[in-house]
Amino acid sequence: MKSPKETKIFKFAEIPLPYIFNMGRIILVIFVLGVILAAGVFLSENVSRHDAERPTHKTPALEPLPEHLSKATIPVSVPIAAIGEALERKTPKQESGSRKNSLGRSFAQSELNWNLSRSRLQVLGRSGALDIATELSGEARATGTIQLARKVDFSTSGDVLANVSLTASPTLETNWRVSPNLSEVKIDIQKADIPIKRIGNLDVRGDILPGVRITADALRTQLNQSVARSDFFEQAARKGWKRLCGSTPLGEDSDLWLETRPVVARAAQVRIARKDIRATIGIEVETRILTEHTQPECPFPRTLLLEEPKPGSFEIIMPTIIDYETLERKLAEEVVGKSLGKNISIAIKAIRVHPYGEKLLLETEVAVEAKILSGTEAKGTLYVVAEPELDAETQTITLENVALDIDSQNMLLLMAGKAAEPLLLEAVSKRLPFDLEPKLEELRDGTEDAILALSSENISVTGKVNRVRLTRLDVGPEHLRLVLTSEGRVRARVQAIP
């Protein structure tokens with residue numbers, strides 16, 4: 001894994017600072033510092049302009065996060081009605097055949113022909129299998145010569161009625177195909193009588209059955225091969241895979257892009273219910289945040305890993321950084337150049353943020369002028385040390401253990417720091433939360449929109465984010481690192497099978 005110094009990429013959803021930091025409270029702390037600093041003007045007529053050197057405390061490089069891919073387990077249901085529609089299109093509606101000299105010894109020359117049409121396929125689900133049935137109806141015609149007292153030519157026809165059924169026990173295969181596993185065809189010819197003068201009705205069920213069976217078995221083989229070769233499941237998975245592979249902007253005002261790269265596909269074996277067939281698809285995705293749009297490579301896995309069924313859910317791990325340059329820029333936009341106070345003008349000239357071990361160092365340049373004493377002013381730098389902490393219960397980042405570094409050669413700043421310390425402690429007791437709730441809500445909505453975007457013409461995907469929460473905060477030499485976890489549920493439904 002690359003170190004933070006090499007790159008600014010990480011796994012999922014950086015939080016733009018305007019949504020995170022409560023600037024008003026930071027201004028309040030700096031304002032308190034400024035007031036104490038201004039008070040020092042009246043306590044010293046001979047002010048040294050030399051500031052203390054910036055305190056240093058080495059911050060070690062961040063340890064790589066444990067390998068933890070974002071995961072989604074998606075229950076997929078296929079209505080049995082949709083399966084019936086697909087089989088209806090693939091199954092021939094007509095069946096015909098013929099046999100010669102099969103009517104017995106009395107028939108010197110004979111030929112039996114039949115033409116049958118099937119009714120609409122009936123597909124019903126039960127535990128472990130699909131029952132497929134249809135009704136055959138049509139006509140059988142016999143022609144030839146029968147030897148009675150003399151040879152008599154005949155040509156006559158009669159109605160035929162039969163039932164055909166079989167079962168399917170589909171299974172997913174590791175090559176993204178579905179094996180239908182069709183059973184032997186059951187054929188029940190209920191009626192096949194041909195009336196012949198001087199003889200009566202001739203039962204030709206036994207004559208028709210072998211020919212119908214040959215046709216039905218050929219159809220079963222064709223259907224078995226057709227379903228087994230069908231790449232519908234793979235193509236549907238490829239479309240979803242392609243949608244997951246890419247990068248999208250994080251908000252209208254953000255210059256960050258979220259890159260997602262699916263890497264592993266899993267599936268649970270098919271289960272058959274009364275109204276639908278169910279399977280579970282599992283996806284593991286690598287995610288990171290970049291400062292530019294990218295098009296990652298996401299090779300589609302040739303092998304589908306089969307596993308036991310799991311409930312539909314997702315857990316998205318979102319490592320996030322807040323770099324100190326961005327923090328400085330955002331803070332400067334709010335406070336630098338602004339003057340506070342009435343009788344005492346406190347101007348913040350610059351503010352810089354540095355890592356300080358596991359803490360933060362706020363380097364604040366200020367200028368103070370007493371308006372009632374024209375020309376009385378002081379300039380200097382104050383160093384504030386604060387420890388950022390994650391409050392898992394309130395889901396906020398707070399500054400704890402705030403203190404001044406008052407080892408200064410400037411007597412005014414030394415006095416201001418000494419006097420400001422209890423006031424700072426009082427301000428800290430009220431806590432300074434960086435409010436993340438608006439961004440967490442934005443992430444929740446964005447995740448649900450991304451789930452809906454997985455839908456296609458024949459497949460609908462829906463999901464619900466149950467919660468997004470902060471789970472970790474680290475101070476690094478170049479940035480803060482947050483880890484967020486998004487949890488929820490998701491499901492897919494196949495509307496039609498091409």
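Our subject in this report is the structure included herewith. Just so you know, these numbers come straight off a predicted model, no measurement behind them.

Criteria and cut-off values
- Residues numbered from 1 in each chain as written.
- Predicted model: local features only at pLDDT ≥ 70, side-chain atom pairs only at ≥ 80, totals over all residues.
- Heavy atoms only, no water.
- Helix = DSSP H or I, 4+ residues; strand = E, 2+ residues; numbered from the N terminus.
- Buried < 20%, exposed > 50% of the residue type's maximum accessible area, 1.4 Å probe, protein only.
- Contact = heavy atoms within 4.5 Å.
- Areas by Shrake-Rupley, 256 points an atom, 1.4 Å probe, with all protein chains shown as cover.
- Disulfide = S-S within 2.5 Å.
- Phe/Tyr/Trp six-rings, centres within 6.5 Å; stacked < 30°, edge-to-face > 60°.
- 1 Å grid on protein atoms, 1.4 Å probe; cavity = no way out; pocket = protein on both sides within 12 Å on 5 of 7 lines; lining within 4 Å.
- Points joined across faces, edges and corners; volume = space filled by probe spheres on them.
- Nonpolar A, V, L, I, M, F, W, Y, C, P; charged D, E, K, R; others polar.

Re the overall build of the protein
Okay, step 1: A count of helical and extended segments in the protein gives 7 helices and 22 strands.
Okay, step 2: Buried positions account for 48% of the 498 residues belonging to the protein.
Okay, step 3: Considering only contacts within the protein whose residues lie at least 6 apart along the sequence, 68% involve residues at least 24 apart.
Okay, step 4: Accessible area of the protein: about 25,900 Å², with a carbon and sulfur share of 50%.

Some details on the state of the cysteines
Okay, step 1: Tallied over the entire structure, the rule returns 1 disulfide.
Okay, step 2: Paired through a disulfide, Cys245 and Cys298 show a sulfur-sulfur distance of 2.0 Å. Residues Cys245 and Cys298 are joined by a disulfide whose S-S torsion is about 80 degrees; by sign, that bridge is right-handed. Note that Cys245 is positioned in the loop between helix H4 (232-244) and strand E11 (246-249) and Cys298 in the loop between strand E13 (276-290) and strand E14 (305-307), a separation of 53 residues in sequence. This pair shows no difference in class: Cys245 is buried, exactly as Cys298 is.

Side note on the packing of aromatic side chains
Okay, step 1: This structure, assessed with the given rule, holds 3 aromatic pairs.
Okay, step 2: Aromatic side chains Trp176 and Phe233 sit 5.7 Å apart centroid to centroid with 35 degrees between the ring planes, which places their arrangement in the tilted category. Here Phe233 lies in helix H4 and Trp176 lies in the loop between strand E7 (171-172) and strand E8 (178-179), a separation of 57 residues in the sequence. Here Trp176 matches Phe233 in class, with each residue buried.

Topic: empty space enclosed by the protein
Okay, step 1: Taken as a whole and assessed by the stated rule, the structure comprises 4 cavities of 30 Å³ or more.
Okay, step 2: Computed from the structure, the largest cavity encloses a volume of approximately 930 Å³.
Okay, step 3: Along its surface, the largest cavity is lined by 42 residues, and Val78, Val178, Phe232, Phe233 and Val494 are the ones closest to its centre.
Okay, step 4: For the lining of the largest cavity, the leading source of residues is H4, giving 8 residues.
Okay, step 5: When the residues that make up the lining of the largest cavity are grouped by side-chain class, the tally is 35 nonpolar, 4 polar and 3 charged.

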